[in-house]
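Fold and contact review
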Amino acid sequence: MVWQIPDYTPVRSITEPIITLEGHSKRVGILSWHPTARNVLLSAGGDNVIIIWNVGTGEVLLSLDDMHPDVIHSVCWNTNGSLLATTCKDKTLRIIDPRKGQVVAERFAAHEGMRPMRAVFTRQGHIFTTGFTRMSQRELGLWDPNNFEEPVALQEMDTSNGVLLPFYDPDSSIVYLCGKGDSSIRYFEITEEPPFVHYLNTFSSKEPQRGMGFMPKRGLDVSKCEIARFYKLHERKCEPIVMTVPRKSDLFQDDLYPDTPGPEPALEADEWLSGQDADPVLISLRDGYVPPKHRELRVTKRNILDVRPPSGPRRSQSASNAPLSQHTLETLLEEIKALREQVQAQEQRITSLENMLCELVDGTD
């Protein structure tokens with residue numbers, strides 16, 4: 001299900017998705033938006049299938065259903081969205097061209113342990129992976145897809161059993177490793193000089209993390225030299241974790257904030273499907289990020305309501321052609337009623353303030 005989050009604060013809870021995409025036979029565990037094409041969404045499920053959708057029309061663009069013999073653990077686009085890196089329970093790291101439906105490179109047992117691997121593309125086109133050794137030690141690796149025989153770098157970490165989740169920032173080439181069940185975040189810089197993966201520091205806390213979210217760069221506070229923000233999931237709360245670089249100057253720090261991918265797509269879905277590639281459209285954060293005014297889902301072919309499945313039992317043909325359902329009509333009436341009450345309350349407030357102003361003016365006279 002795809003949900004539209006409005007820029008304003010809604011007066012009631014959002015209970016209806018803007019579109020429902022049906023295609024997997026088992027539950028979906030991985031979702032990833034295409035980095036440069038409009039409304040293109042990747043999903044991977046327990047059926048070992050990857051589906052690429054055009055959300056603007058509800059159509060399946062591509063279905064990769066014969067490439068993974070077992071459960072898919074992770075999927076990542078490269079910078080321009082021309083390739084995918086996937087890891088699978090069969091211990092194989094694959095580089096896939098989704099439009100050709102081909103595996104262009106693969107490496108068996110990039111990490112020899114049986115526990116799940118994760119993989120992300122770096123800015124230079126390398127693959128950064130996390131996994132386990134045969135002795136169940138956590139391990140990280142850096143690979144060149146053009147030469148999978150030997151790793152560019154391979155480092156053992158510790159003996160904890162939590163899967164390391166990599167969050168990569170291409171602007172700074174820093175990768176943050178968050179282990180499920182850990183109470184720390186370790187971060188490394190990836191460079192083109194040996195040892196290629198350089199340990200920087202560790203953020204430690206008392207409470208273990210059940211999951212972690214990563215804010216896009218354009219959501220950070222540049223005035224405070226914030227370079228990363230995580231959202232740490234606890235049992236009953238979500239805690240922001242802010243990473244900053246100490247600087248004495250109040251000026252904009254060009255070295256910390258190179259131009260970064262913005263929200264505007266570089267391609268339409270059909271253009272990408274036809275074989276076109278384009279790098280992300282970059283924006284400057286010098287004056288902070290200001291979101292565009294109109295960010296609603298843009299339909300590029302037919303209206304998404306034409307392919308939207310009915311929410312209840314199948315209706316008769318005459319009922320389905322009705323302009324508005326009873327539920328929709330009741331929802332609109334409730335919203336109108338709530339808005340009318342808000343307007344009346346504001347009018348009373350304005351009247352009260354005007355009376356107070358008149359009394360003040362009369363008192364000064």
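Because the structure is a prediction, the values reported are computed rather than measured. (Residues numbered from 1 in each chain as written. Predicted model: local features only at pLDDT ≥ 70, side-chain atom pairs only at ≥ 80, totals over all residues. Heavy atoms only, no water.)

**Here we look at the overall build of the chain**
Helix and strand counts for the chain come out as three helices and 21 strands. The dimensions of the chain, computed from C-alpha atoms along their principal axes, are 85 × 65 × 40 Å. (Helix = DSSP H or I, 4+ residues; strand = E, 2+ residues; numbered from the N terminus.)

**Observations concerning the environment of N39**
Within the secondary structure, N39 is located in the loop between β1 (28-33) and β2 (40-45). Owing to a relative accessible area of 13%, N39 belongs among the buried residues under this scheme. Separated by 155 residues in sequence, N39 and P194 have C-alpha atoms that sit 39 Å apart. (Buried < 20%, exposed > 50% of the residue type's maximum accessible area, 1.4 Å probe, protein only.)

**A word on the sheet that holds strand β5 (residues 72-77)**
Read from one edge to the other, the open sheet built from four strands follows the order β5-β6-β7-β8, with strand pairing classed as antiparallel. Of all the strands in the sheet, just β5 and β8 (102-108) have a single pairing partner and so form its edges. Adjacent strand axes in the sheet meet at a mean angle of 20° when their direction is disregarded. Alignment of strand β7 (residues 92-97) against β8, held across six bridges, turns out to be antiparallel. For T92, the partnering residue across the bridge sits in β8 and is F108. (Pairing = 2+ DSSP bridges. Axes fitted to C-alpha atoms, helices over the stretch in contact; angles between N-to-C directions.)

**Notes on unusual backbone geometry**
The omega torsion of the bond from P194 to P195 falls at 5°, within 30 degrees of zero and hence cis. Positionally, P195 belongs in the loop between β15 (184-190) and β16 (197-204). Within the chain, N39 stands out as a residue other than glycine whose phi angle is a positive 60°. Within the chain, F196 stands out as a residue other than glycine whose phi angle is a positive 75°. Locating F196 in the fold gives a position in the loop between β15 and β16. With relative accessibility at 22%, the residue F196 sits in the partly exposed group.

**Structural notes on the UniProt feature "coiled-coil region" (unreviewed entry) in the chain**
In this numbering, the UniProt entry assigns the feature "coiled-coil region" (unreviewed entry) to residues 329-356. Between the first and last C-alpha atoms of residues 329-356 the distance is 41 Å; the span itself is 100% helix and 0% strand. (UniProt positions renumbered as here; feature names shortened; annotations may be inferred.)

**Considering the pattern of salt bridges**
Throughout the structure, instances matching the rule amount to 14 salt bridges. Note that D158 and R186 form a salt bridge whose closest N and O atoms lie 2.3 Å from each other. Residue D158 is located in the loop between β12 (153-156) and β13 (164-169), and its partner R186 is located in strand β15; the two are separated by 28 residues in the primary sequence. The salt bridge involving K224 is made with D221; its shortest N-O contact spans 3.9 Å. Classification of D221 by relative accessible area gives partly exposed; the value is 25%. (Salt bridge = Lys/Arg side-chain N within 4 Å of Asp/Glu carboxyl O.)

**Remarks on the UniProt feature "repeat: WD" (unreviewed entry) in the chain**
When the UniProt feature table is mapped onto this chain, "repeat: WD" (unreviewed entry) is found at residues 21-63 and 65-106. The distance from the first to the last C-alpha atom of residues 21-63 is 13 Å, and the span holds 0% helix and 51% strand. Summarising residues 65-106: 0% helix, 52% strand, and an end-to-end C-alpha distance of 17 Å.

**What to know about the packing of aromatic side chains**
If you walk through the whole model with that rule in mind, you get 10 aromatic pairs. With a centroid separation of 5.6 Å and 70° between ring planes, the pair formed by F188 and Y199 is classed as edge-to-face. With F188 in strand β15 and Y199 in strand β16, this residue pair connects regions lying 11 residues apart in the sequence. In this structure F188 comes out as buried when scored by relative accessible area, which is 2%. An aromatic cluster of three or more residues is present, and its members are F167, Y176, Y187, F214 and F230. Directly above the aromatic system of F132 lies the positively charged group of R115, at a separation of 5.2 Å from the ring centroid. Just above the ring of Y289 sits the side chain of R218; from NZ or CZ to the centre is 5.7 Å. (Phe/Tyr/Trp six-rings, centres within 6.5 Å; stacked < 30°, edge-to-face > 60°. Lys NZ or Arg CZ within 6 Å of the ring centre and 35° of its normal.)

**Concerning the pairing of strand β18 (residues 226-233)**
Burial analysis of β18 places six of its eight residues in the buried class, which makes it a mostly covered element. Where β18 and strand β19 (residues 238-244) come together, seven bridges link them in antiparallel fashion. Counterpart to F230 in the pairing with β19 is I241. A loop of four residues connects β18 with β19, the two strands running antiparallel in sequence.

**Digging into the confidence of the model for the chain**
Here the chain averages 89 in pLDDT, and 90% of its residues register 70 or above. Predicted confidence for residues 309-322 stays below pLDDT 50, and this span has four contacts to residues more than four positions away or in other chains. (pLDDT = per-residue confidence, 0-100. Contact = heavy atoms within 4.5 Å.)

**Examining the sheet that holds β18**
The strand order β17-β18-β19 describes an open sheet built from three strands, whose pairing is antiparallel. Because the sheet does not close on itself, it has two edges, and the strands there are β17 (211-214) and β19. Looking at each pair of strands side by side, their axes are set apart by 25° on average, direction ignored.

**Quick word on a nonpolar patch on the surface**
A cluster of nonpolar residues, M1, W3, I5 and I14, forms a patch on the protein surface that exposes about 450 Å² of accessible area. Considering the arrangement of structural elements, one finds I14 in the segment before β1. (Patch = residues over 30% accessible without salt bridge, like charges linked within 9 Å, V, L, I, M, F, W, Y side chains within 5 Å. Areas by Shrake-Rupley, 256 points an atom, 1.4 Å probe, with all protein chains shown as cover.)

**Concerning the state of the cysteines**
Between two cysteines, a covalent bond joining their sulfur atoms is known as a disulfide. One pass over the full model with this rule turns up zero disulfides. With no disulfide of its own, C76 lies closest to C178 among cysteine sulfurs, the gap being 15 Å. Cysteine C178 shares no disulfide, and the gap to the nearest cysteine sulfur, in C238, comes to 13 Å. On the accessibility criterion, C178 (2% relative accessible area) is buried. (Disulfide = S-S within 2.5 Å.)

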